[in-house]
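Observations on the three-dimensional arrangement
Chain by chain, the residues run as shown.
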Amino acid sequence: MRNFNENTITDAVLARISDASNPRIKQISEALVRHLHAFVREVRPSQKEWEQGIDFLTRTGHMCDDKRQEFILLSDALGVSMLVDAINHPQPEGATETTVLGPFYVQAAPDKALGEDISGGLEGEPLLVTGSVSSPDGKPLAGATIDVWHSDDDGYYDVQQLEKIGDLAMRARFHADDNGRFHFWSIKPAAYPIPHDGPVGQMLEAQGRHPWRPAHVHFMISAPGHEQLVTHVFVAGDKYLDSDVVFGVKDSLIREFVRRERGTAPDGRHMDAPFYHLNYDFGLKPGGSR
Ligand code: BEZ
Ligand code: FE
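What counts and what doesn't
- Residues numbered from 1 in each chain as written.
- Chains lettered and ligands numbered in written order.
- Predicted model: local features only at pLDDT ≥ 70, side-chain atom pairs only at ≥ 80, totals over all residues.
- Heavy atoms only, no water.
- Helix = DSSP H or I, 4+ residues; strand = E, 2+ residues; numbered from the N terminus.
- Buried < 20%, exposed > 50% of the residue type's maximum accessible area, 1.4 Å probe, protein only.
- Contact = heavy atoms within 4.5 Å.
- Areas by Shrake-Rupley, 256 points an atom, 1.4 Å probe, with all protein chains shown as cover.
- Lys, Arg positive; Asp, Glu negative; His and termini not counted.
- Charge placed at Lys NZ, Arg CZ, Asp CG, Glu CD.
- Donors = N, O, S within 2.8 Å, 3.2 Å for Na, K, Ca; no water.
- Pairing = 2+ DSSP bridges.
- Axes fitted to C-alpha atoms, helices over the stretch in contact; angles between N-to-C directions.
- Parallel < 35°, antiparallel > 145°, perpendicular 65-115°, else oblique.
- Nonpolar A, V, L, I, M, F, W, Y, C, P; charged D, E, K, R; others polar.
- Near = heavy atom within 4 Å.
- Polar contact = N/O pair within 3.5 Å; in protein donor to acceptor, adjacent residues only side chain to side chain.
- Patch = residues over 30% accessible without salt bridge, like charges linked within 9 Å, V, L, I, M, F, W, Y side chains within 5 Å.
- Salt bridge = Lys/Arg side-chain N within 4 Å of Asp/Glu carboxyl O.

This brings us to the overall build of the protein. Along its length, the protein carries seven helices and 13 strands. The principal-axis extent of the C-alpha atoms belonging to the protein is close to 80 × 40 × 30 Å. Here the protein, with 290 residues, has 42% of them falling under the buried criterion. Taking contacts inside the protein between residues at least 6 apart in sequence as the whole, the part at least 24 apart equals 69%. Total accessible area computed for the protein in this model is approximately 16000 Å², and 52% of it derives from carbon and sulfur atoms. If the 29 positive side-chain charges of the protein are averaged to one point and the 42 negative ones to another, these points end up 5 Å apart.

Here you go:
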C-alpha cells in the first residue's frame, strides 16, 4: 500500500496495527491513531506549528528529573489526571471522594505520634486537625495509616525550601487509634501556584489561565481490606475553589477551618493565641489495593 492522502492515511495506519497480538495494546493504539489524526484534521497545523508542538513536548520532557515531573503537571493542568481519577475511583455512598496526588508527596514521611505538632517550628497560624477513618458502614478502622502533607502560609511545601528550613516539615504519617480517630497540630496552609516556570506555565499563560490551587491539606489513607484513599481537604472560602488549575475541587472535600479563640483546644492543649480547627471524617471504600 502506498500513495496515501488525507482521506486514506488513517485507515492505512489502523490496518498496519490490526495484527497486534495484545488486544488491549491494539485497542489503545487504534484509539490513539484515530484521535490523533482527528486532532490534526481539525487543527490543520502549519508545518511550523507542528514543529512548535513537538518542541513543546520535547521541552516538557527535558524539564523532567527525579524531582520534577512536567508531564504529570501537564496531565494535571489539562484535566486528564482528574479524568483518569474519576474513571478509576467511583466512590460508594459513605466513601470519601478522591482527587489528584500532586508532586509533593514524599514516601518517607516521618512517623509521628497522635497529637504531635508537625509544623517543624515554621511560622504560621496554628491549626488543629482532628478526624476519623471508617468503612462506609461506619465501622472505625483502627490503626489506619494516615499520610498528611500541606504547604506553609506562603504556599510553599517543605521540599521547595529544604535549603532554608533544613528538614521535612508539614508532613507526617500517623496511625489512627482504636476508634479510628486521629489528631495533630500544624499551621494553616495557603493557596499556591503550581510550578509554572516551565512549558506548563507557558501553556497556562498562552491559554489565559492562572496557575493557582486553593489552600488544602493532602491525605493518603490506607487500611487493610480497603482501597487506598488519595484526597485533599480544601479550605472553605478560598478564592480559587472554582478555578483550581488542576480541576481537583469537589464540594464534599471543602471544610470550614474554624477560627477559635485562645483557651483550651478540643484535644486539651492550652493555646495562648487564636488557632484554627479542621475536622474531617474519612470513609474508605472496601476492596483491594489501589
Ligand atoms: C498539589 O496539590 O500538591 C498539586 C497537585 C497537582 C499539581 C501540582 C500540585
Ligand atoms: Fe498541594
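With that out of the way, let us pick up the coordination of the iron ion (ligand 2). Ideal geometry at a metal gives 109.5 degrees between four tetrahedral donors and either 90 or 180 degrees between six octahedral ones. Protein coordination at the iron ion (ligand 2): the donors are Y157 (OH), Y192 (OH), H216 (NE2) and H218 (NE2), at 1.9 to 2.1 Å from the metal. Each donor residue of the iron ion (ligand 2) lies on one chain, and together they are spaced Y-x34-Y-x23-H-x1-H. Of the two residues, Y157 is situated in the loop between strand 2 (145–150) and helix 6 (162–165) and H218 in strand 7 (residues 216–222); the sequence distance between them amounts to 61 residues. For the pair Y157 and H218, one class covers both residues: buried.

Along strand 1 (residues 126–134), eight of the nine residues are buried, which leaves the element largely enclosed by surrounding structure. Here strand 1 runs beside strand 4 (residues 181–187); their pairing, made up of seven bridges, is antiparallel. Within strand 4, the position partnered with T130 by the bridge is H183. Across eight bridges, strand 1 lies against strand 13 (residues 275–283) in parallel orientation.

Two elements in contact, helix 3 (residues 47–62) and helix 7 (residues 199–206), have axes separated by 9 Å at closest approach and are oriented at 135°. By the angle class used here, helix 3 and helix 7 are oblique. Here helix 3 contributes F56, R59 and T60 to the contact with helix 7, which in turn contributes P199, Q202 and M203. Classifying every residue of the contact of helix 3 with helix 7 by side-chain character gives three nonpolar, two polar and one charged.

Here we come to unusual backbone geometry. Its identity is not glycine, yet N3 carries a phi of approximately 60°, on the positive side. Tracing the backbone through its elements, the reader meets N3 in the segment before helix 1 (9–16). Non-glycine residue M170 carries a positive phi angle of around 60°. Within the secondary structure layout, M170 lies in the loop between helix 6 and strand 3 (171–175).

We now examine the site of ligand 1. Around ligand 1, the structure places L73, D76, G102, P103, F104, Y157, Y192, I194, R213, H216, H218 and V246. The side chain of R213 places a nitrogen or oxygen atom 2.5 Å from an oxygen atom of ligand 1. Compared with its free state, where it exposes 260 Å², ligand 1 has 100% of that area covered by protein. For the shell around ligand 1, the elements supplying multiple residues, two or more each, are helix 4 (70–77) and strand 7. A class-by-class count of the residues in the shell around ligand 1 yields seven nonpolar, three polar and two charged.

The four strands lie next to each other as 4-1-13-10, forming an open sheet whose pairing is mixed. Unpaired on one side and paired on the other, strand 4 and strand 10 (258–260) mark the two borders of the sheet. Direction aside, the axes of adjacent strands within the sheet are offset by 25° on average.

Moving on, we get to the pairing of strand 13. Burial analysis of strand 13 places seven of its nine residues in the buried class, which makes it a mostly covered element. Alignment of strand 10 against strand 13, held across three bridges, turns out to be antiparallel. Residue R259 lies in a different strand from strand 13, and its bridge partner there is Y276.

The next point concerns a nonpolar patch on the surface. Together, L32, L36, F39, V40, V43, W50 and I54 make up a nonpolar patch on the protein surface, roughly 630 Å² of accessible area in all. Put simply, the parts of the chain that give the nonpolar patch at least two residues each are helix 2 (23–43) and helix 3. With respect to the helices, strands and loops of the structure, L32 is situated in helix 2.

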